[in-house]
Amino acid sequence: MNNIKDIVNRNIRQYGMLFALVVIVIFFGVVTGGRLIWPRNVSMLVRQNAYVLILAIGMMFCILTGGNVDLSVGSLVALVSAMSGLTSYNLGLPTGLAILISVLTGLLAGIWQGFWIAYVKVPPFITTLAGMLIFRGINNIILDGKTLPLTGLYITIGTGSVPDIAPQTVPDFLHIGDLLKLQNKPEYLNMTMLLVGLTLSTLYVLFIILNRKSKKKRGYEVAPLWSVVTKAVSFFIVINLFSYWLAMDEGLPIMLILLVALYAIYTFIATKTIPGRHIYAMGGNLKAAELSGINTRRIMFLVYANMGLLAGVAGVVTAGRSMAASPNVGANFELDAIGACFIGGASAYGGIGTIWGAVVGAFIMGVMNNGMSMIGLDVFLQSVAKGLVVLLAVAFDMYSKSKSRLG
Amino acid sequence: MLEYILEMINITKEFPGVTALSNVNFKVKKGEIHALVGENGAGKSTLMSVLSGIYPYGSYTGSILFKGKECRFRHIRDSEEAGIAIIHQELALSPYMSIAENIFLGNERAKNGVIDWDETNREAIRLMKQVGLKDKHTTRIKDLGVGKQQLVEIAKALAKNCELLILDEPTAALNDDDSNHLLDLLKRLNQEHGLTCIMISHKLHEVISIAHSITVLRDGKTIETLDNTEPVSENRIIRGMVGRELTDRFPKHEPKIGGIGFEIKNWTVHDPLDEERVVIHNVNMYFRKGEIVGLAGLMGAGRTELAMSIFGRAYGKRISGTLIKDGKEITLNNIGQAIANGIAYVTEDRKGAGLVHIMDIKKNITLANLKAITRGSVINEDEEIVVGKTYRERFSIKSSGVFQKAGNLSGGNQQKVVLSKWIFASPDVLILDEPTRGIDVGAKYEIYKIILELADAGKCIIMISSELPEILGLTDRLYIMNEGRVVGEMETSQATQVDIMSTIIKSSGGR
Ligand SMILES: Nc1ncnc2c1ncn2[C@@H]1O[C@H](COP(=O)(O)OP(=O)(O)OP(=O)(O)O)[C@@H](O)[C@H]1O
Ligand SMILES: [Mg+2]
């Protein structure tokens, strides 16, 4: 089991996806003359696509339960955005409280849908189709067609970055911004970003090493040293390069902290907890899961409630970025999220897929969106291109699956 | 005339991490019934998949000669065109379509792309008569029992004008009557129409009664081909299969029976689809610790329904009665509660309800008892690997490792995974529903040993089996069920097959 071929075989889809992302980044990097990967654009990419990523995480769980989707998330983002306008602008509540209420609105909507799906057994497709109409309608009722401005914390979350704790402390010679001929860049490297990157990556490397040691001590099987070291070193390098890159411009976007936290939490739930395991099992074989004592109704309920919660977060993020609560926001968001999951390797029948896959899928979507707009591709052509990518990704999946079955 | 209709020469087939077949040679004479036997995972199903083009030419090495011509099948269609039809162990019929539609599924009788219903029906009726199926041709498959579904599969194969028919464990899920009917049919088709058959089976007495030759596979290699025109003995075949003499079919055992551990009182269950219909009538049973209790009966006697209704109401509506465990009454409203109260039920429907096929072996084993490997709220995946390995060794689950997907295991090894799952759940009451279906003789012995071990550890074992010799060989006491009622109870040491059958027949006649 410790040989390379086995490890690669087990993770072929994951590597394939990452490879696809890298190829797409390089492609658009070249055709945009490097503009795509400029630090300023990278932070923008993160902010612009945060909503896909957040929604894709929740959507991945829906799909895992058995190929179910949530069609209502776009409308729910709109509803949450309207709630933000209502609470913070119309009622004048402090933005912190407004955000809390808005996110809870999302959760409540999720609980509502989860109830119908899990306990009344209305198929998810239909429940969420209804939700799509209902939530959009409520948004329009609240906003009455008007756009309301948002302020305070909304703006911070949507567009802010962490202030530099020690500006102008990084020696000049470390700065390669001039070499790259970046425009509008700050004079100095952002110390906060560098420190955060360095601390996180060091902690992670330490964790990997200590974890391996303690496993070994307790007599469990461990991955070979070289593979652990390779993994740790490459992780360390990638993270620090990335943080250096962002440090050349505005530093650490607040949104990025949110995304990393969500990724970490949900990966943990999916891979390390009992409910996570139960979701995979019921997607793999519903009857077998039930006969193993899994409460599949409760799982369904939780998954859709959680989707609502995440749609609430995505709604706040979206509202914050556009600095307004508006009636048309969120259109087709559900399709972006579903597409990201399938690009990321989810099985349309459930039981197969990872949060990591959803994240990479979301970034593939995001880079394509951003890159295609940069080169000024017609929006309709953009839509065609995205459709084709989803199709090809799943086709590749099917192909590689039939290959592996034939050995 | 050609002596051999089929020659498979030096077939080698590898999967990542396993060599399923290595240099297998397999020859079938024209007009014979050829049995293919071997332990679970020996490669029988794989060999037939190679033959029928499920694993296409190029994914294996070696050559296949059919009617003297070299064949390179890339798809099942190719082998069907050549005259080879395969009936898989898991039947492949469309439940909501009629018998006639299923017989011609993928092989429709049509004129210019429009289905010719007259022709379809006429032919279907003719084929149904040939296989001895007396239902109407418009009956839907879901309304037929497994035995009759098998017959539809055979009719379907005949509709393709096949010359070589492959049956993978055709009688595994059938009761004795249906099995005999099927075997008679095969004999008749063989004698009257000269149909050549390859039959995979773990039921050696059937093999001996029907086959002309028997080929034994072990660990992906051909061991020998026996001539069965003069019937060989079961022990002779077993020696080839397991590579040693197997003198006893059942392990020797001194039961250590303790007090009553589990009781069912006045248990009545109604059909979930038709709430007026009573499926289980006022059943009373008790089970002692360390005792193995058999539930004997024909298919449809209500044994599975009884077991599932106890198991947290997994089956049935309007359930009444009491369950008493260790002297205390318990209520089991859902499966989770049943498991928490130490009840386990090993399903007879391994494929449909026993396993998560896309999950690996270790995850399947821990699924019903994840708490045991969870600290705080974190699943300890290292511990999971250890658990997986322990059971893989204990049951000798033939696989490339604990990371192999359960769906890629051979049928018998899948069963071992399901058993491992429930034993890992460490129940006090273990209900086994047809636990050795589709399992080879050697592995059966291993499984019996494990069952006895569990009994000796003081568990109550309830064993449902359609194989009377197994019930008689393994249990300490048995209940006989018929039409949802308990119609007899015997000490196994005083029971014979004849006693059991006559009890069943008497109880049906009396009503
Ligand atoms: N798709 C696959 N991927 C990996 N290994 C496989 C695959 N299919 C079969 N195997 C392995 O090949 C071997 C032979 O399996 P096969 O199904 O042919 O056994 P069998 O003789 O039919 O057993 P049984 O009597 O239990 O049905 C087994 O070890 C099995 O694990
Ligand atoms: Mg098989």
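All of the points below concern the structure found in this document. No experiment lies behind these values; they were computed from the predicted model shown.

Focus: the overall build of chain B
So, point 1. In terms of regular secondary structure, chain B is built from 17 helices and 24 strands.
So, point 2. A compact globule built from 511 residues should have a C-alpha radius of gyration of about 24 Å, and chain B, at 24 Å, falls within 12% of that.
So, point 3. Along the first, second and third principal axes, the C-alpha atoms of chain B reach 70 × 50 × 50 Å.
So, point 4. Counting across all 511 residues of chain B, residues that qualify as buried make up 55%.
So, point 5. Look at the contacts in chain B between residues 6 or more apart in sequence, and 67% of them connect residues 24 or more apart.
So, point 6. Surface exposure of chain B reaches about 21,200 Å², of which carbon and sulfur atoms provide 47%.
So, point 7. Side-chain charges in chain B split into 64 positive and 67 negative, and the spacing between the mean points of these groups amounts to 2 Å.

Looking at the overall build of chain A
So, point 1. A tally of regular secondary structure across chain A gives 16 helices and 2 strands.
So, point 2. Expected size for 407 residues packed as a compact globule is a radius of gyration near 22 Å; at 22 Å, chain A falls within 12% of this value.
So, point 3. Overall, chain A is about 60 × 55 × 45 Å in size when its C-alpha atoms are taken along their principal axes.
So, point 4. Counting only residues that meet the buried cut, chain A has 48% of its 407 residues in that class.
So, point 5. Sequence-distant contacts, at least 24 apart, represent 80% of the contacts inside chain A between residues at least 6 apart.
So, point 6. Summed over all atoms, the accessible surface of chain A reaches about 19,200 Å², with 72% contributed by carbon and sulfur.
So, point 7. Placing the 28 positive and 15 negative side-chain charges of chain A at their respective mean positions leaves the two points 13 Å apart.

A word on the site of ligand 1
Residue and element names in this part refer to chain B.
So, point 1. By nearness alone, 21 residues border ligand 1, and G41, K44, S45, T46 and G412 come closest of all.
So, point 2. G411 places a main-chain nitrogen or oxygen 3.3 Å from an oxygen atom of ligand 1.
So, point 3. Against a free-state accessible area of 640 Å², the protein chains account for coverage of 94% of ligand 1.
So, point 4. Listing elements by their share of the shell around ligand 1, those giving two or more residues are β2 (18–29), α1 (44–51) and α14 (411–424).
So, point 5. Of all the elements, α1 adds the most residues to the shell around ligand 1, at 3 residues.
So, point 6. Of the residues contributing to the shell around ligand 1, the split by class is 6 nonpolar, 11 polar and 4 charged.
So, point 7. In this structure, the shell around ligand 1 is formed jointly by two domains, domain 1 (4–242) and domain 3 (352–425), each of which donates at least three residues.

Focus on the packing of aromatic side chains
So, point 1. Summed over the entire model, instances satisfying the criterion amount to 17 aromatic pairs over all chains.
So, point 2. Aromatic side chains Y57 of chain B and Y60 of chain B sit 6.2 Å apart centroid to centroid with 90° between the ring planes, which places their arrangement in the edge-to-face category.
So, point 3. Y57 of chain B sits in the partly exposed class, given a relative accessible area of 26%.
So, point 4. Centre to centre, the rings of F262 of chain B and F287 of chain B are 6.1 Å apart; their planes meet at 25°, and the pair counts as stacked. Pair noted here: F262 of chain B is in strand β13 (residues 260–270) and F287 of chain B is in strand β14 (residues 278–288), with a separation of 25 residues, a long-range link. Each member of the pair F262 of chain B and F287 of chain B is classed as buried.
So, point 5. In this structure an aromatic cluster arises from ring pairing among W112, F115 and W116 of chain A.
So, point 6. For R477 of chain B, the ring lying beneath its charged end belongs to Y286 of chain B, and the centroid distance is 4.0 Å.

Some remarks on the pattern of salt bridges
Residues and elements named next belong to chain B.
So, point 1. In total, this model carries 30 salt bridges over all chains according to the counting rule given.
So, point 2. Of the charged contacts, one joins K160 and E80 as a salt bridge, the two residues approaching to 3.1 Å between their closest N and O atoms. Placement of the pair is K160 in the loop between α5 (146–159) and β9 (164–168) and E80 in helix α2 (residues 76–82), with a sequence separation of 80 residues.
So, point 3. Its salt-bridge partner being K265, residue E263 comes within 3.7 Å of it at the nearest N-O pair.
So, point 4. Given the relative accessible area of 33%, K265 is considered partly exposed.
So, point 5. Members of the salt-bridge network, linked through shared partners, are R288, E291, R477 and E489.

Here's the deal with the nonpolar core
So, point 1. Residues I54, L55, I57, M59, F61 and I355 of chain A are the most contacted members of the largest nonpolar core, which totals 96 residues.
So, point 2. It is helix α3 (residues 39–64) of chain A that provides the largest number of residues to this core, a total of 17 residues.
So, point 3. Leaving out residues up to four positions away in the same chain, I355 of chain A has contacts with I57, M60, F61, Y263, Y266, T267 and A270 of chain A.
So, point 4. If you look at the next biggest cluster of nonpolar residues, it comprises 74 residues, including M285, F311, L432 and I447 of chain B.

Focus: the sheet that holds strand β5 (residues 69–71) of chain B
All names here are of chain B.
So, point 1. With antiparallel pairing, the 4 strands of this open sheet are ordered in space as β2-β1-β4-β5. For this open sheet the edge positions go to β2 and β5, each flanked by a neighbour on one side alone. With strand direction ignored, the average angle separating the axes of adjacent strands in the sheet is 25°.
So, point 2. Running over the sheet, α1 touches β1 (4–15), β2 and β4 (61–66) and is turned about 115° from β1.

Focus: the sheet that holds strand β22 (residues 460–464) of chain B
Residue and element names in this part refer to chain B.
So, point 1. Reading across the sheet, the 6 strands line up as β18-β21-β22-β15-β23-β24 and stay open at both edges, with mixed pairing between neighbours. Each edge of the sheet is formed by a strand with only one pairing partner; in this case those strands are β18 (343–346) and β24 (485–491). Along the sheet, successive strands turn relative to each other by an average axial angle of 20°, direction set aside.
So, point 2. Pairing of strand β21 (residues 429–433) with β22 involves 5 bridges; the strand directions are parallel.

Side note on the pairing of β1 of chain B
Residues and elements named next belong to chain B.
So, point 1. As defined by bridge partners, β1 adjoins β2 across 8 bridges and the pair is classed as antiparallel. Across the sheet, residue Y4 finds its bridge partner in β2, namely K29.
So, point 2. Here β1 hands over to β2 after 2 residues, with G17 in that stretch at a positive phi of 90°.
So, point 3. Taken together, the 5 bridges between β1 and β4 define a ladder with antiparallel strand orientation. The partner of E7 across the bridge, within β4, is L65.

Rules of the game
- Residues numbered from 1 in each chain as written.
- Chains lettered and ligands numbered in written order.
- Predicted model: local features only at pLDDT ≥ 70, side-chain atom pairs only at ≥ 80, totals over all residues.
- Heavy atoms only, no water.
- Helix = DSSP H or I, 4+ residues; strand = E, 2+ residues; numbered from the N terminus.
- Rg over C-alpha atoms; globule rule 2.2 N^0.38 Å.
- Buried < 20%, exposed > 50% of the residue type's maximum accessible area, 1.4 Å probe, protein only.
- Contact = heavy atoms within 4.5 Å.
- Areas by Shrake-Rupley, 256 points an atom, 1.4 Å probe, with all protein chains shown as cover.
- Lys, Arg positive; Asp, Glu negative; His and termini not counted.
- Charge placed at Lys NZ, Arg CZ, Asp CG, Glu CD.
- Near = heavy atom within 4 Å.
- Polar contact = N/O pair within 3.5 Å; in protein donor to acceptor, adjacent residues only side chain to side chain.
- Nonpolar A, V, L, I, M, F, W, Y, C, P; charged D, E, K, R; others polar.
- Domains from an automatic or database assignment.
- Phe/Tyr/Trp six-rings, centres within 6.5 Å; stacked < 30°, edge-to-face > 60°.
- Lys NZ or Arg CZ within 6 Å of the ring centre and 35° of its normal.
- Salt bridge = Lys/Arg side-chain N within 4 Å of Asp/Glu carboxyl O.
- Core = buried A, V, L, I, M, F, W, Y, C linked by side-chain atoms within 4.5 Å.
- Pairing = 2+ DSSP bridges.
- Axes fitted to C-alpha atoms, helices over the stretch in contact; angles between N-to-C directions.

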